[in-house]
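Residues per chain, in single letters:
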Amino acid sequence: MDPFEAGAGGLLRQPKAVWATAGASVVAFMGIGLVDPILPSIAQGLDATAGQVSLLFTSYFLITAFAMLVTGFVSSRIGGRRTLLLGLALVVVFAGLAGTSDTVGQLVGYRAGWGLGNALFASTALAVIVGAAAGGSAAAILLYESALGLGMACGPLLGALLGDASWRYPFFGTAALMAIGFLGITAFLKEQPKPARKTSLLDPLRALGHGGLASAAVSAFFYNYTFFTVLAFTPFVLDMTPYASGAVFFAWGLLLAVFSVLVAPRLQRRFGSVKVLGGSLLLLAADVLVLGYGGHPTAVVCTVLSGAFIGVNNTVYTELALGVSEAPRPVASAGYNFVRWFAAAAAPFFAPRIEEWTDIHVPFVVAAVTAVLGAVVVAVRREALTHEAAELEPRHTTEDGVTVFAN
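Residues numbered from 1 in each chain as written. Predicted model: local features only at pLDDT ≥ 70, side-chain atom pairs only at ≥ 80, totals over all residues. Heavy atoms only, no water.

Draft legend 1. Representation of the overall build of the chain within the structure. Along the chain, the regular secondary structure elements total 16 helices and two strands. At 20 Å, the chain has a C-alpha radius of gyration in line with the 22 Å of a compact globule built from 407 residues. Each of the 407 residues in the chain was classed as buried or not, and the buried ones make up 58%. Counting contacts in the chain only where the partners sit at least 6 residues apart, residues at least 24 apart contribute 84% of the total. On the chain, roughly 15400 Å² of surface is accessible, and the fraction owed to carbon and sulfur atoms is 67%. Distance between charge centres in the chain, computed from 22 positive and 22 negative side chains, equals 11 Å. (Helix = DSSP H or I, 4+ residues; strand = E, 2+ residues; numbered from the N terminus. Rg over C-alpha atoms; globule rule 2.2 N^0.38 Å. Buried < 20%, exposed > 50% of the residue type's maximum accessible area, 1.4 Å probe, protein only. Contact = heavy atoms within 4.5 Å. Areas by Shrake-Rupley, 256 points an atom, 1.4 Å probe, with all protein chains shown as cover. Lys, Arg positive; Asp, Glu negative; His and termini not counted. Charge placed at Lys NZ, Arg CZ, Asp CG, Glu CD.)

Structural data, given as structure tokens:
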């Protein structure tokens with residue numbers, strides 16, 4: 001069944017609790033790309049280098065990676081609703097504090113606290129949406145990816161609009177929006193049933209003992225290095241005004257959203273998840289290589305175009321992580337994210353330093369190589385990713401020829 005089809009299981013017909021969680025998720029994902037168009041402004045305002053400012057991403061995602069081992073432990077004890085609210089509260093506090101920073105060290109530290117709150121919220125939000133959404137996990141994943149794509153698109157736009165006056169305002173704006181999300185969750189989301197078995201701190205690591213999940217995580221690790229080289233390093237290469245940079249990454253985010261929600265599912269149905277993922281990774285590698293060696297107009301076009309491949313990859317990876325093993329979805333998601341977010345922390349740290357050691361082209365060569373390595377893992381571990389996943393979810397065809405999910 002098409003997730004957008006009108007009906008009880010349609011993507012757009014969801015309980016208020018799902019919409020409240022998805023809406024807060026949009027704002028949470030806005031926080032990732034929020035700083036993109038204002039990175040040069042932050043560097044200028046705090047008298048910092050590109051390498052120092054890139055630590056805004058590194059501290060954020062390094063804490064996020066380790067926090068993935070804690071999210072299931074916390075949510076299985078205090079419940080999904082309280083975990084969401086705790087995460088939102090931390091983001092409100094640390095995003096607001098980030099706007100008051102006087103040094104780049106303070107800002108990096110506040111972003112780390114922001115990352116902890118975002119990890120608690122984002123990982124639990126996916127589980128809540130999957131559990132509460134109408135239409136099964138396929139519709140839920142698409143709704144989550146829609147929130148991700150919309151947040152990624154709007155984050156740079158908000159950063160540009162507010163950051164044109166001061167680099168501090170986007171942080172205050174995010175804090176205010178997350179406070180609204182806090183109120184929405186409080187009003188519309190009832191407490192979720194706690195799992196029968198409490199999650200331990202080691203459960204996500206044990207889940208990675210499954211060959212299929214480990215393969216998806218390792219491939220996503222290489223892919224995320226490429227992804228966050230584009231997101232965190234490209235603004236310095238483009239060297240545009242906040243408005244122009246915000247427009248570029250807004251277009252990038254729109255492509256990400258469209259391809260993750262509309263295009264990826266259709267490609268998967270026609271070609272299969274593994275073929276789509278491998279092909280998209282190779283196309284992303286080619287795109288990043290051209291981005292690194294092309295002139296300024298070419299770099300702008302390739303930056304925007306990369307959103308299409310990133311959107312496809314995000315959807316397929318998320319479905320693989322949730323469906324490839326028998327581990328509970330929150331546990332599988334935590335183990336998968338624990339591995340892949342380390343690359344999101346590494347890319348912003350290494351890319352500017354690689355440029356210092358070599359030249360401006362080499363960081364993109366490295367990013368292209370990591371995308372190819374992700375595709376190699378997919379090809380080598382194809383059997384684990386297809387047979388063990390049973391193509392993500394069992395499907396059958398009805399008498400009228402419509403393919404539906406069995407769940």
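Draft legend 2. Spotlight on the environment of alanine 347. Topologically, alanine 347 is positioned in helix α14 (residues 329–357). The spatial distance from the C-alpha of alanine 347 to the C-alpha of glutamine 106 is 21 Å, given a sequence separation of 241 residues. Ignoring anything within four residues of it in the chain, the contact list for alanine 347 reads Tyr225, Phe228, Thr229 and Pro352.

Draft legend 3. Representation of a nonpolar patch on the surface in the model. Nonpolar side chains collect at one region of the surface, where Val70, Leu201, Leu202 and Leu205 lie side by side and expose about 300 Å² of accessible area between them. Within the secondary structure, leucine 205 is located in helix α9 (residues 203–207). Taking the relative accessible area as the measure of exposure, leucine 205 reaches 35% and is therefore partly exposed. (Patch = residues over 30% accessible without salt bridge, like charges linked within 9 Å, V, L, I, M, F, W, Y side chains within 5 Å. Salt bridge = Lys/Arg side-chain N within 4 Å of Asp/Glu carboxyl O.)

Draft legend 4. Spotlight on helix α6 (residues 104–132). With 29 residues, α6 should cover 42 Å at 1.5 Å per step; its first-to-last C-alpha distance of 41 Å lies within 8% of that length. Of all 29 residues that make up α6, 21 are buried, and the element is covered over most of its length. (Expected span 1.5 Å × (residues − 1).)

Draft legend 5. Quick peek at the pattern of salt bridges. The final tally for this structure, using the stated rule, is one salt bridge. A salt bridge links aspartate 203 to arginine 206; its shortest N-O distance comes to 2.9 Å. Note that aspartate 203 and arginine 206 are positioned in helix α9 at a spacing of three residues, about one turn of the helix. When its relative accessible area of 9% is taken as the criterion, aspartate 203 is described as buried.

Draft legend 6. Representation of empty space enclosed by the protein. Under the defined criterion, the tally for this structure stands at two cavities of 30 Å³ or more. Space inside the largest cavity adds up to approximately 300 Å³. Surrounding the largest cavity, 26 residues form its lining, Tyr144, Leu148, Asn337, Arg340 and Trp341 being those nearest its centre. Mapped onto the lining of the largest cavity, the elements with two or more residues apiece are α1 (16–33), α4 (55–78), α6, α7 (136–163), α10 (211–238), α13 (296–323) and α14. Class assignment of the residues belonging to the lining of the largest cavity gives a composition of 17 nonpolar, seven polar and two charged. Put simply, the second largest cavity is a space of about 40 Å³. In terms of lining, the second largest cavity is formed by Ser123, Leu126, Ala127, Val130, Leu322, Arg329, Pro330 and Ser333. Of all the secondary structure elements, the ones that give two or more residues to the lining of the second largest cavity are α6 and α14. With four residues, the top contributor of residues to the lining of the second largest cavity is α6. (1 Å grid on protein atoms, 1.4 Å probe; cavity = no way out; pocket = protein on both sides within 12 Å on 5 of 7 lines; lining within 4 Å. Points joined across faces, edges and corners; volume = space filled by probe spheres on them. Nonpolar A, V, L, I, M, F, W, Y, C, P; charged D, E, K, R; others polar.)

Draft legend 7. Layout of the nonpolar core. Grouped together as the largest cluster of nonpolar side chains are 119 residues, with contacts concentrated most on Ile42, Phe61, Phe171, Phe228 and Trp252. Ignoring any residue separated from it by four or fewer positions in sequence, one finds phenylalanine 61 in contact with Ile32, Phe228, Trp341, Ala344 and Ala345. (Core = buried A, V, L, I, M, F, W, Y, C linked by side-chain atoms within 4.5 Å.)

Draft legend 8. Highlighting the packing of aromatic side chains. For the coordinates displayed, the defined rule picks out 18 aromatic pairs. Between the aromatic rings of phenylalanine 66 and phenylalanine 338, the centroid separation amounts to 6.2 Å while the plane-to-plane angle is 70°, which identifies the pairing as edge-to-face. Of the two residues, phenylalanine 66 is situated in helix α4 and phenylalanine 338 in helix α14; the sequence distance between them amounts to 272 residues. The class for phenylalanine 338 is buried, based on a relative accessible area of 14%. Joined through ring pairs, the aromatic side chains of Tyr60, Phe61, Trp114, Trp167, Phe171, Tyr223, Phe227, Phe228, Phe249, Trp252, Tyr317 and Trp341 make up one cluster. A cation over a ring is seen here: arginine 111 above phenylalanine 57, with NZ or CZ 5.9 Å from the ring centre. Positioned over the ring face of tryptophan 114 is arginine 111, at 4.8 Å from the centre of the ring. (Phe/Tyr/Trp six-rings, centres within 6.5 Å; stacked < 30°, edge-to-face > 60°. Lys NZ or Arg CZ within 6 Å of the ring centre and 35° of its normal.)

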